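Chains, contacts and geometry: an overview
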Amino acid sequence: MTLAGAAMIASCSNFLDETAQGIISSEQLNTAETVDQMCNAAYSTLGNVIWSKPTASLWYVGSVRSGDAYKGGGGAADCGQIHQYEMYTTNTVDNSYTNNLWVEYYNKISRVNEALHRLNGLTTADMPLRDQRIGEMKFLRGHYYFDLKILYKFVPFIDENVTGDDYNSISNRDLTNQELWDKIAQDFRDAANALPASQVDKGRPNKYAAKAYLAKTLLYQAYIQGDDSNAVTGIDKAKLEEVNNLCQEVISSGDYDLFADYGDNFLEATENGVESIFAIQFSQNDGTKYGRVDMDHALNYPMSPSYGCCGFHMASANLINAFKTQNGLPYAEYNKENVAESMAFDTNTFDPRLDHTVGIPGHPYKYENTHVYDKSWSRDPGNYGYFSSMKEMQSPNDGSFVRVSPYVASSKNIDLLRYDDVILFKAEALIELEREKDALPLINQIRERAAKSYSRLIKDGKTYSNYNVAKYVDGVNCNWTQDFAREALRFERRLEFAMEGNRFFDLVRWGIAAEYLNNYLAVEKDRAKYLKDAKFTKNRDEYLPIPLNQINYSKGLYKQNVGW
């Protein structure tokens, strides 16, 4: 056996010197074709989503934490990490979902940086679309860092020039709060300068998408917070002027408009339409088992026979009450009568956006008159009530609907930026610039569309709820002062983007999260008893903690957020 083994080794010596077939050198990747494929790989991370790290929608950190929604599901222990967020007091630095989000965003950024590093090594002679692809990658990186910024406040900024040896020397406190915003804004500025006005591929950002996202970034940055406090201490009017100008460029392009019906934003048949500025593209029949589908929201479908799982993301009573109108307008005392309990959807008047947003017992679900929402569809009504989220759901009869056993999903796009956002960004900037009269027609434009958005909400000749929406008319039904306009704008953003994962970050930006949410909890804990010990701690709960895992991996280089 020894002699035979020696003979075999001698005869195979050439084989041992062969290069493995699965290996490719770094230099071999530096071609226009492979670098373009790396850009595609960076794009693909947009749609690599699942509920335990929902980077496409941020529904449980932006909606459940905001008072718009209850966690839902099968009680506190079911995805208990989300319950910790909702209670605030029970959230911890080792919450695994907080770490999941951090890791997932940096995985996405690493793909972008790898593509940018390779792009920087090419010329336009090598790759005619080089500069455009750089703009696209910087747009994606800006988006990922924007989300990290609003989630954690302080994060390490790693770009394509950082090598692996340098990772361990970059702290999450190397940049001040404002400097980190500047870095994110610069990516969008660079993208706007490099991108064309239009793209053939719908999934690629164009110049106006970059300008819109830059406006969003500057709007957040304009509300000044200190490094050691989350309180808003002032507002940067120069940045608000730029927000106003950027939004006007998008509006003046003529490429975007509001859909005639608000509901068109939430159907696959009308995706990539006139209101969509940038969206994550999902797909079916693409060579994968189930398709490239939206698994961010796979837990959120009602527990009906047509769906089957899993009853998360339930609308709060406060949110349902907020859609009530008085003489066609929102009003301050909306939460005194609880229509989530009385079910008085005929005797009160409502904004039609209610029935585009919330599944209501007795009302058709997702515009299908034969598919009527039933109380039995609620998984845990004792804790979370009967009112499900609906915007992100699709009908089981829709072509976008997919069963990913035991879950359900869809191939409907997720919009990251819409034209209604741009209109309200501009209105907000104008109000804070003491030009509230100029903001009035913008807010009314959103309200006029809402008032007309009921053609899908009719059954047997009758609307699902009793609708009445009016415009604001200064000196007639309101006194349009700056203070009134500010409250009107903030209410309008809540109604327009309810259950879409935006609300919590609006509250933090405005500097009102603690007061607003503790007032919300003071009433809501009598309706949802599980909230009885919930409390928002000012100057801490505005941001998630830096994950303990990341502090440990950095050997203490990363510093924990204030209050944690």
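Our subject in this report is the structure included herewith. Please read these numbers as outputs of a predicted model, since none were measured by experiment. (Residues numbered from 1 in each chain as written. Predicted model: local features only at pLDDT ≥ 70, side-chain atom pairs only at ≥ 80, totals over all residues. Heavy atoms only, no water.)

Brief notes about the pattern of salt bridges
The tally for this structure, following the rule as stated, stands at 44 salt bridges. When the shortest N-O distance is used, the salt bridge between D351 and R353 registers 2.7 Å. Looking at D351, the relative accessible area reads 1%, which means it is buried. For R353, a relative accessible area of 0% corresponds to the buried category. K459 is the salt-bridge partner of D460, the closest N and O atoms lying 3.3 Å from each other. Overall, D460 belongs to the exposed group, its relative accessible area being 72%. You can call K459 partly exposed: its relative accessible area is 29%. (Salt bridge = Lys/Arg side-chain N within 4 Å of Asp/Glu carboxyl O. Buried < 20%, exposed > 50% of the residue type's maximum accessible area, 1.4 Å probe, protein only.)

A look at helix α3 (residues 32–44)
Taking 1.5 Å per residue as the helical rise, α3 with its 13 residues ought to reach 18 Å, and the 18 Å between its terminal C-alpha atoms agrees with that figure. Taken as a whole, α3 has its buried residues at T34, V35, M38, C39, A42, Y43 and S44. Along its buried surface, α3 packs onto α6 (96–120) and α7 (130–152). (Helix = DSSP H or I, 4+ residues; strand = E, 2+ residues; numbered from the N terminus. Expected span 1.5 Å × (residues − 1). Contact = heavy atoms within 4.5 Å.)

Some thoughts on the packing of aromatic side chains
Taken as a whole and assessed by the stated rule, the structure comprises 37 aromatic pairs. Their ring planes at 80 degrees and their centres at 5.2 Å tell us that W59 and Y60 sit as a pair that is edge-to-face. Grouping aromatic residues by their ring pairs yields a cluster made of F139, F146, W181, F188, Y213, Y220 and F278. Cation over ring: R503 sits above Y516, and NZ or CZ is 4.9 Å from the ring centre. Sitting above the plane of the W564 ring, R540 keeps its charged end 4.3 Å from the centroid. (Phe/Tyr/Trp six-rings, centres within 6.5 Å; stacked < 30°, edge-to-face > 60°. Lys NZ or Arg CZ within 6 Å of the ring centre and 35° of its normal.)

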